[in-house]
Amino acid sequence: VDTANTSGTVNGPTVVGGVAGNNSGLLEMVQSSGTVTGVDLHTGGIVGYNEAGALVRKGGSSGNVSGGSSVGGVAGQNDGDLEQSTATGTVTGTGEVIGGLSGWNQGNVIGGSFTGASVSGGNGIGGAVGVNFGVIDDITVSTAVSGVVDVGGLVGFSGGPEVKNSTISGTV
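1. Observations regarding the overall build of the protein chain
A count of helical and extended segments in the protein chain gives 0 helices and 29 strands. Seen through its principal axes, the protein chain has C-alpha atoms that stretch 35 × 30 × 25 Å. Relative to its full complement of 172 residues, the protein chain shows a buried share of 51%. Counting contacts in the protein chain only where the partners sit at least 6 residues apart, residues at least 24 apart contribute 78% of the total. In the form shown here, the protein chain has an accessible surface area of approximately 6400 Å², with 49% of it arising from carbon and sulfur atoms.

Structure, rendered in structure tokens:
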């Protein structure tokens, strides 16, 4: 999908996104300004689940995103690439693994991505990524983050392999 805008309300039980529930290809220059609500796993402002090999480039989410666990301003779970993407709404989860850009990251969150999203939830709560097992590079975070355990301005919990060249401001 290239150059699309969505607004309104998107609701679903699991794998819910403002543009796509599941992405196995390319989402480029897509914008979501609506409210996205999931109940269980994988809720994202743009995509619920971004598969390995998939790419979200220059995506923007400005609506409020809420779900159970694995909730993100851009992607609920990212196993692919998020590049030059932004999230500026409120991201909340009733469970764990909540992030301003991605709740769970096993891929790459790179290339000038930005989040100003306010992030809150239980455990594994991060300004950019809730739980990271991938690469985070060149990210700017300017937000308020709140949670219970494993709460961080950039990442709630990181198992690597790499977090670098990122800037954080706000309240944790």
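Now that the structure has been shown, the text picks up again.
2. Some remarks on the sheet that holds strand E4 (residues 20–23)
The sheet built from 6 strands is open, its strands ordered E4-E8-E13-E18-E23-E27 with parallel pairing. Edge positions in the sheet fall to E4 and strand E27 (155–158), since each of these pairs with one other strand and no more. Averaged over neighbouring strand pairs, the angle between their axes works out to 5° when direction is ignored. Pairing geometry for strand E8 (residues 47–50) and strand E13 (residues 75–78), over 3 bridges, is parallel. Bridged to Val-47 within E13 is Ala-75.

Reading the values: rules and limits
- Residues numbered from 1 in each chain as written.
- Predicted model: local features only at pLDDT ≥ 70, side-chain atom pairs only at ≥ 80, totals over all residues.
- Heavy atoms only, no water.
- Helix = DSSP H or I, 4+ residues; strand = E, 2+ residues; numbered from the N terminus.
- Buried < 20%, exposed > 50% of the residue type's maximum accessible area, 1.4 Å probe, protein only.
- Contact = heavy atoms within 4.5 Å.
- Areas by Shrake-Rupley, 256 points an atom, 1.4 Å probe, with all protein chains shown as cover.
- Pairing = 2+ DSSP bridges.
- Axes fitted to C-alpha atoms, helices over the stretch in contact; angles between N-to-C directions.

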